[in-house]
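# Fold and contact review
These are the residues of each chain, in order.
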Amino acid sequence: MDTNFNYVHVKASERLENLTNEKLDKLKERYEFLVSAEVYFKTEKSSTNEKGRVCEIQLSLPGPRIFASANEENFDIALSKTVNELKTQLQKKKEKMTTHH
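Since this is a predicted model, take the numbers as computed values, not measurements. (Residues numbered from 1 in each chain as written. Predicted model: local features only at pLDDT ≥ 70, side-chain atom pairs only at ≥ 80, totals over all residues. Heavy atoms only, no water.)

### Description of the nonpolar core
By size, the foremost hydrophobic cluster in this structure holds 24 residues, and its most contacted members are Leu 27, Leu 34, Ile 57, Leu 59 and Leu 90. The set of elements that each furnish at least two residues to this core consists of helix 1 (14-30), strand 2 (36-43), strand 3 (53-60), strand 4 (66-72) and helix 2 (75-99). Top element by residues in this core is helix 2. It accounts for six residues. With residues up to four places along the chain from it excluded, the contact list for Leu 90 reads Leu 27, Tyr 31, Phe 33, Leu 34, Leu 59, Leu 61 and Ile 66. (Core = buried A, V, L, I, M, F, W, Y, C linked by side-chain atoms within 4.5 Å. Buried < 20%, exposed > 50% of the residue type's maximum accessible area, 1.4 Å probe, protein only. Helix = DSSP H or I, 4+ residues; strand = E, 2+ residues; numbered from the N terminus. Contact = heavy atoms within 4.5 Å.)

Now the structure itself:
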């Protein structure tokens, strides 16, 4: 699966990219219809220091794209939450796809 990484007000991180690719590869194994992913890591100004690390992922697949994001205190947690949200959406989509056949 093609994965594009975008960094907004954040230095590019090979560690984050590797972690993201591992998680996305697991999704790809389970949902073979995935085509590509756009991944955004951003920092946002937050009134507290507890949040402000944003991970957004948009998945391309047949039909409408799937999008999820999370805003947490660090990118690892934001990435995990975003991927979990994508899993939920993909599961729903897969169920719909199998009921239509």
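### Examining the pairing of strand 3
Looking down a regular strand, the side chains alternate between one sheet face and the other. Burial analysis of strand 3 places six of its eight residues in the buried class, which makes it a mostly covered element. Pairing of strand 2 with strand 3, which is carried by eight bridges, proceeds in the antiparallel orientation. Counterpart to Phe 41 in the pairing with strand 3 is Cys 55. Strand direction decides the pairing type here: strand 3 and strand 4, joined by seven bridges, are antiparallel. Within strand 4, the residue paired with Leu 59 across the bridge is Ile 66. Between strand 3 and strand 4, which follow one another and run antiparallel, lie five residues, and Gly 63 among them has a positive phi close to 90°. (Pairing = 2+ DSSP bridges.)

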